[in-house]
Amino acid sequence: GKGRIDPLTMVLCVAPLMLVFLLPATAFTWEARIMSRMVTFRSCIAINILLAFLLQVTSALTIRYLSATGVSLASMAKDLGIVYVAAKILGEQLSSVQVMGFVGSVLGISAYS
């Protein structure tokens with residue numbers, strides 16, 4: 001509709017504002033060894049930047065094409081995936097409280113829609 005901004009443009013508009021807030025924090029926590037480590041891990045950093053960009057685009061497109069409930073469910077699925085993969089990689093066990101919390105969240109969002 002008229003006067004609405006598409007999600008990708010919103011990401012483009014918000015990025016400079018985030019930079020304004022993050023630069024002082026970066027300056028405050030800066031250490032001399034950061035630059036040498038950036039060179040050492042440049043390929044990992046490049047992949048991380050690409051993945052972060054793809055996450056932003058995916059989030060923007062999800063918001064554009066799904067309802068608010070759909071976005072909530074997609075976000076919950078992402079969180080479930082992160083917790084599950086992290087638990088498997090680290091060999092951790094999920095407690096029944098954690099599992100029931102996620103199940104309750106999904107059921108609550110589903111019931112709301």
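Note: the structure precedes this text.
Residues numbered from 1 in each chain as written. Predicted model: local features only at pLDDT ≥ 70, side-chain atom pairs only at ≥ 80, totals over all residues. Heavy atoms only, no water.

Student: Just give me the short version of the overall build of the chain, but keep the residues and values in it.
Tutor: Helix and strand counts for the chain stand at five helices and zero strands. Reading the chain from its N terminus to its C terminus gives the helix and strand order α-α-α-α-α. Relative to the globule expectation of 13 Å for 113 residues, the C-alpha radius of gyration of the chain, 19 Å, shows a markedly less compact shape. Put simply, the chain has 113 residues, and 6% of those count as buried. Side chains of the chain carry 8 positive and 4 negative charges; the gap between the two charge centres is 8 Å. (Helix = DSSP H or I, 4+ residues; strand = E, 2+ residues; numbered from the N terminus. Rg over C-alpha atoms; globule rule 2.2 N^0.38 Å. Buried < 20%, exposed > 50% of the residue type's maximum accessible area, 1.4 Å probe, protein only. Lys, Arg positive; Asp, Glu negative; His and termini not counted. Charge placed at Lys NZ, Arg CZ, Asp CG, Glu CD.)

Student: Can you lay out the packing of helix α4 (residues 68-90) against helix α5 (residues 96-112) for me, pointing to particular residues and giving the numbers?
Tutor: Orientation of α4 relative to α5, taken along the N-to-C sense of each, is 170 degrees, at an axis distance of 10 Å. Judged by the inter-axis angle, α4 sits roughly antiparallel to α5. Note that α4 runs across α5; the crossing there is left-handed. Across the interface between the two elements, Thr69, Ser72, Leu73, Met76, Asp79, Leu80 and Val83 from α4 touch Phe102, Ser105, Val106, Ile109, Ser110 and Tyr112 from α5. Looking at the contact of α4 with α5 residue by residue, the classes come out as eight nonpolar, four polar and one charged. (Axes fitted to C-alpha atoms, helices over the stretch in contact; angles between N-to-C directions. Parallel < 35°, antiparallel > 145°, perpendicular 65-115°, else oblique. Left-handed = near helix turned anticlockwise from the far one by under 90°. Contact = heavy atoms within 4.5 Å. Nonpolar A, V, L, I, M, F, W, Y, C, P; charged D, E, K, R; others polar.)

Student: Which residues make up the environment of leucine 107, and what values do they have?
Tutor: Among the structural elements, leucine 107 can be located in helix α5. Note on leucine 107: relative accessible area 55%, which makes it exposed. Along the chain, leucine 107 and leucine 73 lie 34 residues apart, while their C-alpha atoms are 9.8 Å from each other.

Student: Describe in detail the pattern of salt bridges, supporting the description with residues and values.
Tutor: It is possible for side chains bearing opposite charge to pair when their charged atoms get close. Under the criterion given, the structure shown has one salt bridge. As a salt-bridge pair, glutamate 31 and arginine 33 come within 2.8 Å of each other at their nearest N and O atoms. (Salt bridge = Lys/Arg side-chain N within 4 Å of Asp/Glu carboxyl O.)

Student: Account for α4, naming residues and giving values.
Tutor: Taking 1.5 Å per residue, 23 residues should reach 33 Å; α4 reaches 33 Å between its end C-alpha atoms and fits that length. Buried within α4 we find Thr69, Gly70, Met76 and Ala87. Tucked inside the fold, the buried residues of α4 contact α5. Glycine 91 sits one or two residues past α4 and shows a positive phi near 70 degrees. (Expected span 1.5 Å × (residues − 1).)

Taken by themselves, the reported measurements are silent on function.
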